[in-house]
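Letter by letter, the chains look like this.
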2 protein chains.
Amino acid sequence: MRGAYQEELASLAAGLMEMSRLVGSAIGRATTALLDADLTLAESVISGDTEVDDLQRDLEDRAIAVLARQQPVATDLRTVVTSLRMSADLERCGDLAAHVAKLARRRYPDRAVPGDLHRTVLEMGQLAQRLVAQAAETLLTLDVEAALRLEQEDDRMDELHRMIFQHLLDDRWQHGVETAVDVTLVGRYYERFADHAVSFARRVVYLVTGEHADEYVPDIEPD
Amino acid sequence: MRGAYQEELASLAAGLMEMSRLVGSAIGRATTALLDADLTLAESVISGDTEVDDLQRDLEDRAIAVLARQQPVATDLRTVVTSLRMSADLERCGDLAAHVAKLARRRYPDRAVPGDLHRTVLEMGQLAQRLVAQAAETLLTLDVEAALRLEQEDDRMDELHRMIFQHLLDDRWQHGVETAVDVTLVGRYYERFADHAVSFARRVVYLVTGEHADEYVPDIEPD
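Residues numbered from 1 in each chain as written. Chains lettered and ligands numbered in written order. Predicted model: local features only at pLDDT ≥ 70, side-chain atom pairs only at ≥ 80, totals over all residues. Heavy atoms only, no water.

Chain A appears in an unreviewed UniProt entry as Phosphate-specific transport system accessory protein PhoU from Streptomyces sp. 900105245. The UniProt entry for chain A carries the following text under Function (unreviewed entry): "Plays a role in the regulation of phosphate uptake." As stated in UniProt under Subunit (unreviewed entry), the record for chain A gives "Homodimer." (UniProt positions renumbered as here; feature names shortened; annotations may be inferred.)

Next comes the structure, spelled out in structure tokens:
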């Protein structure tokens, strides 16, 4: 019985890893679709989001079944509860990737992002993908320090977001209002990817320590 | 023992009602702050958001404690699990209200929303407030039909959001890029209020029926 139970818990983690892999791929492809005005790729991200949604639904049902049947306590209970929250973060990242792809599709065959912001948005996309992968990694390693470090990496996303705003509000902006609207939304979507990755990692801190990430004070060894 | 347990469950619902009341008020005040460029009101929304965050944290801790101590099943289990998800929706609405208020603050003493969009944004604000109140109401009444109807009311928000976009992309837009950026974000924030209210109501459907809202088929009486 315990064996099956531990397997059920492990399969929740496996489901989260699978979701994070799909979402990471969706972010990467959505970014390429956006920057290259690749309609086929955009469509694949949009239609592929149902797979992420289905995974989340399935994971949620299984988590609730585990709660009902096994009535876990302590770490096991935290594992189940955090998996509910983590899956919500990942599902939302899938939605956001689909939003990016829809932006690309709406402007096709034009590009939604002007050339002078290409590099910034590319870096945002790569950073978002990396943050999601790193967050998922901390769930495997249960590395609290790594989970807390993710918050600092998110600072770079804020910086990139600010660069986009500065560019938009520069008097020399020459791409018109429609592109300004698109770029504003793009900046917002990528910022949200990072927020969700950080939120996911903070859940790992809670899972391991039982303390909320902002209340957790690491033991510091005096040297 | 059962008495205390039922009280714990009831207090989760009471916490959600309190959160929804605070969030509704924050949306209303943020909208006024935005439209009237009222800095004091904006600051009150921004600083008041910690109260919503604290309530959520508290509610979450209590929900997990109930799971650990009482090991609920069936409807009681759904009550606890949905309260976790609902509190996340409300907490996010609090963040969004603070975002609206920060936009107002950033443009103060100017107004972020030009006069010709005043009415549209006012309606969005009132609708968002109403949707949050209605969603919370369905948790009290456990009225599945009312919860499902919320989705239709959300259509009006989409319509208002489209009106904003049409206005932005009209060649006669004369408010410049900075205001276009602000108005794009405003439209996005209000749309998200409505999404979270709908998500909350869908959780009520699940709570009552045990079926996910998009899979729930109401019994229809032949007439």
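With that out of the way, let us pick up the overall build of chain A. Of regular secondary structure, chain A possesses six helices and zero strands. Put simply, chain A runs from its N terminus to its C terminus through helices and strands in the order α-α-α-α-α-α. Taking the principal axes of its C-alpha atoms as reference, chain A extends roughly 65 × 50 × 20 Å. Burial statistics for chain A: of 223 residues in total, 52% are counted as buried. For chain A, restricting intrachain contacts to residue pairs at least 6 apart in sequence, the fraction spanning at least 24 positions comes to 84%. Averaging the positions of the 24 positive and the 41 negative side-chain charges in chain A gives two centres separated by 4 Å. (Helix = DSSP H or I, 4+ residues; strand = E, 2+ residues; numbered from the N terminus. Buried < 20%, exposed > 50% of the residue type's maximum accessible area, 1.4 Å probe, protein only. Contact = heavy atoms within 4.5 Å. Lys, Arg positive; Asp, Glu negative; His and termini not counted. Charge placed at Lys NZ, Arg CZ, Asp CG, Glu CD.)

Turning next to helix H6 (residues 176–209) of chain B. Residues and elements named next belong to chain B. If you check H6, its first and last C-alpha atoms are 50 Å apart, about what 34 residues at 1.5 Å a residue would give, namely 50 Å. Of all 34 residues that make up H6, 27 are buried, and the element is covered over most of its length. Just past H6, the residue Gly210 takes up positive phi, approximately 75°. (Expected span 1.5 Å × (residues − 1).)

Further remarks concern the packing of aromatic side chains. Enumeration over the complete set of coordinates arrives at two aromatic pairs over all chains. Both rings, one in Tyr190(A) and one in Phe193(A), keep their centres 5.3 Å apart while their planes meet at 65°; by these two values the pair is edge-to-face. You can see Tyr190(A) and its partner Phe193(A) sitting in helix H6 (residues 176–209), three residues apart, about one turn around the helix. For the pair Tyr190(A) and Phe193(A), a shared accessibility class is recorded, and that class is buried. The cationic tip of Arg78(B) hangs over the ring face of Tyr206(B); the distance from NZ or CZ to the ring centre is 5.9 Å. Of note, Arg106(B) hangs over the ring of Phe165(A), and the distance from its end group to the ring centre comes to 5.9 Å. (Phe/Tyr/Trp six-rings, centres within 6.5 Å; stacked < 30°, edge-to-face > 60°. Lys NZ or Arg CZ within 6 Å of the ring centre and 35° of its normal.)

Moving on: the relation of the copies chain B and chain A. The two copies are related by a screw motion: chain B maps onto chain A through a turn of 180° and a shift of 0.0 Å along the axis, at an RMSD of 0.0 Å. Both copies are brought into coincidence by an operation consistent with a two-fold rotation axis. Counting the interface residues of chain B, we find that 100% of their copies in chain A are interface residues as well, pointing to one common contact surface. (Least-squares fit on C-alpha atoms with pLDDT ≥ 70 in both.)

Turning to the interface of chain B and chain A, a few remarks are in order. Chain B puts 36 residues into the contact, and the matching count from chain A is 36 residues. Summing both partners gives a buried area of about 3200 Å² for chain B against chain A, and 60% of it is carried by carbon and sulfur. Ranking the residues of chain B by area buried against chain A places Arg57(B), Arg85(B) and Arg188(B) at the top, with a combined share of 18%. Here chain B is connected to chain A by eight salt bridges. Linking Asp214(A) and Arg57(B) is a salt bridge whose minimum nitrogen-to-oxygen distance equals 3.4 Å. Our count for the chain B to chain A interface comes out at 11 residue pairs in polar contact (both at pLDDT 80 or more). Counting only elements with at least two residues in the side of chain B that touches chain A, the list comes to helix H2 (39–70), helix H3 (74–107), helix H5 (144–169) and H6 of chain B. It is H6(B) that provides the largest number of residues to the side of chain B that touches chain A, a total of 11 residues. (Buried area = accessible area lost by both parts, 1.4 Å probe. Salt bridge = Lys/Arg side-chain N within 4 Å of Asp/Glu carboxyl O. Polar contact = N/O pair within 3.5 Å; in protein donor to acceptor, adjacent residues only side chain to side chain.)

Residue and element names in this part refer to chain A. For Val144, the location among the structural elements is in helix H5 (residues 144–169). Assessed through its relative accessible area of 10%, Val144 is described here as buried. Leave out the neighbours within four places in its chain, and Val144 touches Val205, Val208, Thr209 and Tyr216.

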